[in-house]
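Fold and geometry: a report
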Amino acid sequence: MGPLVVNEIISENTNLLLAFIIGIGFGFVLESSGFSSSRKLAGVFYGYDTVVLKVFFTAAITAMLGMLFLSLFGWLNLDLVYVNPTYLTSAIIGGIVMGAGFIIGGFCPGTSFAGASIGKIDAMVFIGGLFIGVIIFSEGYPLWDGLYMAAFKGSPKLSESLGLSDGIAALLVILAAIGMFYVAEWAEKKFPREEY
Amino acid sequence: MEKEKKDRSRQYLNPYLGGVLLGLVLIAANFVAGRGLGASGAVKSVVVAANMVVAPAHVKNNAFYAETVKQHPNPLKNWLVFEMVGVLVGGFLSGSLWGRLKLKVEHSPKITSRKRLIMAGTGGILFGFGSQLGRGCTSGSALSGMAVLSLGGFITMAAIFGTAFALAYFFRKNWI
């Protein structure tokens, strides 16, 4: 059955309408979880508020498990679902640059839009920065296209690289997430802050 | 009354419930479109679309722009652009429900608004650059990638959070 647009069950235009509706759900959940506040987001790096870690990993394991079940029921063909390709060098260096952006700016792109939607001026300035950063990358592309294309590994799954089935890899990710939730709950008790 | 209002604006969803709901949104995206959520891709689409108006010849000459246009001849008619417009609407709805709609610069009392805005702009530039190099941001590469067990998704996630943790000490005065 799914993915609906790939199997031509819905048209391209319906897909865009649903993108808008899914985006509303995305923005609503981000904002109501507190992701519109940079001080809540940055809390995870100092232990006083670990909402980022909890929401992020709960979402990842929910989606991972949900899609494995949908595939098991024959409702979603996982072979037609996009798996992000792995370019080892740019994945690591890009991640490092993004991590620096996160601790300095206090947002990531999705959360900055949630912040801007409720009037956070710092989030709007962050979005302005995003545009500048994208333009710098695109205009200077010849300078880093070697880096960008280096160490291409295809689109491997974690399960394949560990030589495990999808289900066992998912179970390991879930166990790792539960371990992190324990650390997160402990950190919030250890480094509490009243007002921020 | 004023106090009650203030308290309500500080109420948030239980994070585990929020995570399950976000996971369901991510499943919906994959079920409908065969792809996950994203954010930085929409910024790129807008940049490319603006360039096509202002400097069409330049778009043809720049390999990065040309590749984007090859995949999306009309960069604004793009899944992520529609999704991110939705994010603005959804965030606004949630903010109005909880009484959080307010124009303000949020910052630690130890730093000025001006410093916070400079840091926000700098962080945005780094994140914008890094998201293009890493082929997606926290949403598109890390979260959506992990959900489909993409090895690259796990690597990018570890690099983003690992770096932010490693640098947290040096930027602590901005936050605590």
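Residues numbered from 1 in each chain as written. Chains lettered and ligands numbered in written order. Predicted model: local features only at pLDDT ≥ 70, side-chain atom pairs only at ≥ 80, totals over all residues.

Looking now at the overall build of chain A. Within chain A one finds nine helices and zero strands. Element order for chain A, N to C, with α for helix and β for strand: α-α-α-α-α-α-α-α-α. For chain A, the spread of C-alpha atoms along the three principal axes comes to 50 × 45 × 35 Å. In chain A, the share of contacts with a sequence separation of at least 24, taken over all contacts with a separation of at least 6, comes to 67%. (Helix = DSSP H or I, 4+ residues; strand = E, 2+ residues; numbered from the N terminus. Contact = placed C-beta atoms within 7 Å.)

This part takes up the overall build of chain B. Counting its secondary structure elements, chain B contains ten helices and zero strands. Mapped from its N terminus to its C terminus, chain B presents α and β elements in the order α-α-α-α-α-α-α-α-α-α. Projecting the C-alpha coordinates of chain B onto the three principal axes gives extents of approximately 55 × 40 × 35 Å. For chain B, the residues scored as buried account for 58% of the 176 residues in total. A separation threshold of at least 6 residues defines the contact pool for chain B, and within that pool the share at least 24 residues apart is 57%. (Buried ≥ 20, exposed ≤ 12 C-beta atoms within 10 Å, placed from the backbone.)

A few words on the interface of chain A and chain B. Taken together, the contacts link 109 residues of chain A with 108 residues of chain B. Here the side of chain A that touches chain B gets 17 residues from one element, more than from any other, and that element is helix 1 (residues 12-32) of chain A. Taken together, the residues that form the side of chain A that touches chain B break down as 68 nonpolar, 33 polar and eight charged. (Nonpolar A, V, L, I, M, F, W, Y, C, P; charged D, E, K, R; others polar.)

What follows deals with helix 7 (residues 113-133) of chain B. Here helix 7 of chain B contains 21 residues, and its C-alpha end-to-end distance of 30 Å stays within 8% of the 30 Å for a straight helix at 1.5 Å per residue. Across the 21 residues of helix 7 of chain B, 15 count as buried, placing the element largely inside the fold. (Expected span 1.5 Å × (residues − 1).)

So, about the packing of helix 3 (residues 51-72) of chain A against helix 2 (residues 15-33) of chain B. Interhelical geometry of helix 3 of chain A versus helix 2 of chain B gives an angle of 40° and a closest axis separation of 7 Å. The angle between the axes of helix 3 of chain A and helix 2 of chain B places the two elements in the oblique class. The handedness of the crossing between helix 3 of chain A and helix 2 of chain B comes out as right-handed. On helix 2 of chain B, the residues that touch Val51, Lys54, Val55, Phe57, Thr58, Ala59, Thr62, Ala63, Gly66, Met67 and Leu70 of chain A of helix 3 of chain A are Pro15, Tyr16, Gly18, Gly19, Val20, Leu22, Gly23, Leu24, Leu26, Ile27, Asn30 and Phe31 of chain B. For the contact of helix 3 of chain A with helix 2 of chain B, the per-class residue count stands at 15 nonpolar, seven polar and one charged. (Axes fitted to C-alpha atoms, helices over the stretch in contact; angles between N-to-C directions. Parallel < 35°, antiparallel > 145°, perpendicular 65-115°, else oblique. Left-handed = near helix turned anticlockwise from the far one by under 90°.)

Attention now moves to the nonpolar core. In a soluble, globular protein the nonpolar side chains are often hidden away together inside. In terms of nonpolar packing, the biggest core is built from 106 residues, with Ala60 and Met64 of chain A together with Leu26, Leu143 and Ala147 of chain B touching the most fellow members. A per-element tally of this core places helix 3 of chain A first, with twelve residues. Two domains share this core, each providing at least three of its residues, namely domain 1 (39-100) and domain 2 (108-176) of chain B. When sequence neighbours within four positions are dropped, the list of residues in contact with leucine 26 of chain B reads Ala59 and Ala63 of chain A together with Gly36, Leu37, Leu143, Ser144 and Ala147 of chain B. (Core = buried A, V, L, I, M, F, W, Y, C linked by C-beta atoms within 7 Å. Domains from an automatic or database assignment.)

Moving on, we come to unusual backbone geometry. Residues and elements named next belong to chain A. The peptide bond linking glycine 2 to proline 3 adopts the cis configuration, its omega dihedral lying at -5°. Within the secondary structure, proline 3 is located in the segment before helix 1. At alanine 151, a position not held by glycine, the phi torsion is positive, near 55°. The topology assignment puts alanine 151 in the loop between helix 7 (141-149) and helix 8 (158-162).

All names here are of chain B. Here chain B is partitioned into domain 1 (39-100) and domain 2 (108-176). Its C-alpha centre places domain 1 at a distance of 20 Å from the equivalent point of domain 2. Each side of the interface is counted separately: domain 1 has five residues, and domain 2 has seven residues. In terms of residue class, the side of domain 1 that touches domain 2 is built from two nonpolar, two polar and one charged.

Attention now goes to helix 6 (residues 121-139) of chain A. Counting along an α-helix, one turn takes 3.6 residues, and residues three or four places apart therefore face a common direction. Its 19 residues give helix 6 of chain A an end-to-end C-alpha distance of 27 Å, which sits within 8% of 27 Å, the value for a rise of 1.5 Å per residue. Residues Asp122, Ala123, Met124, Val125, Phe126, Ile127, Gly129, Leu130, Gly133, Val134, Phe137 and Ser138 of chain A constitute the buried set of helix 6 of chain A.

You can see alanine 57 of chain B is positioned in helix 4 (residues 56-61). Each C-alpha atom, one on alanine 57 of chain B and one on alanine 147 of chain B, is 39 Å from the other, the two residues being 90 residues apart in sequence.

Moving on, we get to the confidence of the model for chain B. Taken residue by residue, chain B gives an average pLDDT of 94. The fraction at 70 or more is 97%. This prediction of the complex comes with two scores: 0.95 for pTM and 0.96 for ipTM. (pLDDT = per-residue confidence, 0-100.)

Attention now moves to the environment of serine 94 of chain B. Mapped onto the secondary structure, serine 94 of chain B falls in helix 6 (residues 79-97). Of the residues examined, serine 94 of chain B has 25 C-beta atoms within 10 Å and is grouped as buried. Discounting chain neighbours no more than four positions away, the residues touching serine 94 of chain B are Phe28, Glu31 and Ser32 of chain A.

So, about the packing of helix 6 of chain A against helix 3 (residues 40-54) of chain B. Where helix 6 of chain A contacts helix 3 of chain B, the two axes come as close as 10 Å, and the packing angle between them is 65°. Considering the angle they form, helix 6 of chain A stands roughly perpendicular to helix 3 of chain B. The interaxial crossing formed by helix 6 of chain A with helix 3 of chain B has right-handed handedness. In this structure, helix 6 of chain A uses Leu130, Phe131, Val134, Ile135 and Ser138 of chain A to contact helix 3 of chain B, whose residues at the interface are Ser40, Val43, Lys44 and Val47 of chain B. Across the contact of helix 6 of chain A with helix 3 of chain B, the residue classes break down as six nonpolar, two polar and one charged.

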